[in-house]
Amino acid sequence: MRDQLVEFFDKKGLFNCGQHGLRKGRSCLSQLLAHQQEYIMDSLEEGSNVDTCIYLDFAKAFDKVDHGIVMHKLSSMGIKGKLGKWIHSFLHGRFQRVAVNGTRYVKSCSACTCTYCSCVPQGLVLGPFLFLALISDIDTNVEHSITSSFADDTRVTRKVKTHEDTELLQEDLNTIYRWAAENNMLFNESKFEALRYGSNNNIKEHTNYNTTQGPIDFKSDLCDLWA
């Protein structure tokens, strides 16, 4: 079922083009190559700074997937009818228990079971697909920058030559923050990080980017995806 759903999404172009996670022919390596060679190197050769990698961090990404929102998106993409009902049944009314030393515990629930209206089951092949379906439109209204992802690991990148360019990058970040709010997704904004490439120190010294809570920390280096 997962394979046919992925094939349908690929044929219809329903995945966002910057998504490399959990897709045939794509990987950590393909995302890193596209990011480093096709964008950063080309930009630097043009004489642009690259205020790359505003590295975004979802808080409990798979646990926050809203069932109602993901089912609405699947329906709008053509996944409806019996298949849509089957996926809804797969998600709806799931129960979770915790067992410690043979004793079962359920927090704040006297019936020993809890029903969840968010999260996709992890460890099952359909769960990651449903997450990709949810975030397939994360870059829809991003007009000035490039958004690339490996599953929930997402970065926003833009060539920067002027201060106006930095304002456009911030505008796109704000667009993604609005997307998260509209889709009941939560960012861990304290873990956002940024890297800068290029030699335009005037832009470097007078530019900051912000989350909804405060400035994003710039790093001299950081660990990217493991290929």
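Residues numbered from 1 in each chain as written. Predicted model: local features only at pLDDT ≥ 70, side-chain atom pairs only at ≥ 80, totals over all residues. Heavy atoms only, no water.

**Q** Is there a simple way to explain the overall build of the chain in this structure?
**A** Summing up its helical and strand segments, the chain has 7 helices and 9 strands in all. Long-range pairs, those at least 24 residues apart, make up 72% of the contacts in the chain between residues at least 6 apart in sequence. On the chain, roughly 12800 Å² of surface is accessible, and the fraction owed to carbon and sulfur atoms is 50%. (Helix = DSSP H or I, 4+ residues; strand = E, 2+ residues; numbered from the N terminus. Contact = heavy atoms within 4.5 Å. Areas by Shrake-Rupley, 256 points an atom, 1.4 Å probe, with all protein chains shown as cover.)

**Q** Is there a simple way to think about the sheet that holds strand β2 (residues 54-56) in this case?
**A** The pairing of strands in a sheet happens through backbone hydrogen bonds and is either parallel or antiparallel. Within the open sheet, the 5 strands sit side by side as β5-β6-β2-β8-β9. Their pairing is mixed. Each of the sheet's edge strands pairs with one partner strand only, and the pair in question is β5 (146-150) and β9 (217-218). Note that β2 and strand β8 (residues 193-194) share 2 bridges and pair antiparallel. Its bridge partner lying in β8, Ile-54 is registered against Ala-194. Each of β2, β5 and β6 (153-157) is contacted by helix α6 (residues 163-182), which is oriented at about 5 degrees to β2, the strand it contacts most. (Pairing = 2+ DSSP bridges. Axes fitted to C-alpha atoms, helices over the stretch in contact; angles between N-to-C directions.)

**Q** Looking at this structure, I do not really get the pattern of salt bridges. What am I missing?
**A** Side-chain pairs of opposite charge can arise whenever the charged atoms involved come near each other. The full count for this structure, using the stated rule, is 4 salt bridges. Where Asp-137 meets Lys-73, a salt bridge forms, and the shortest distance between an N and an O atom there is 2.8 Å. Of this pair, Asp-137 sits in the loop between α5 (126-134) and β5 while Lys-73 sits in helix α3 (residues 67-76); the two residues are 64 residues apart in sequence, bridging distant segments of the chain. Here Asp-137 falls in the partly exposed class, since its relative accessible area comes to 26%. (Salt bridge = Lys/Arg side-chain N within 4 Å of Asp/Glu carboxyl O. Buried < 20%, exposed > 50% of the residue type's maximum accessible area, 1.4 Å probe, protein only.)

**Q** Could you clarify how one ought to interpret the environment of Ala-34 in this entry?
**A** Locating Ala-34 in the fold gives a position in helix α2 (residues 28-45). The exposure class of Ala-34 is partly exposed, given its relative accessible area of 23%. With 16 residues separating them along the chain, Ala-34 and Gly-18 place their C-alpha atoms 9.5 Å apart.

**Q** Explain the nonpolar core here, please?
**A** Taken as a class, soluble globular proteins show a tendency for nonpolar side chains to be buried jointly. By size, the foremost hydrophobic cluster in this structure holds 44 residues, and its most contacted members are Leu-74, Phe-129 and Leu-130. Residue assignment for this core shows that the elements contributing at least two residues are α1 (2-12), β2, α3, α4 (81-91), α5 and α6. Element by element, the count of residues in this core is highest for α5, at 7 residues. Each residue touching Leu-130, except ones within four places of it in the same chain, is listed here: Val-70, Leu-74, Ile-87, Phe-90, Leu-91 and Val-120. (Core = buried A, V, L, I, M, F, W, Y, C linked by side-chain atoms within 4.5 Å.)

**Q** I keep staring at the environment of Val-70 and nothing clicks. Help me out?
**A** With respect to the secondary-structure elements, Val-70 resides in helix α3. In this structure the C-alpha to C-alpha distance between Val-70 and Leu-130, which are 60 residues apart in sequence, comes to 7.1 Å. Setting aside residues up to four positions removed in sequence, Val-70 forms contacts with Val-65, Leu-91, Leu-130, Ala-133 and Leu-134.

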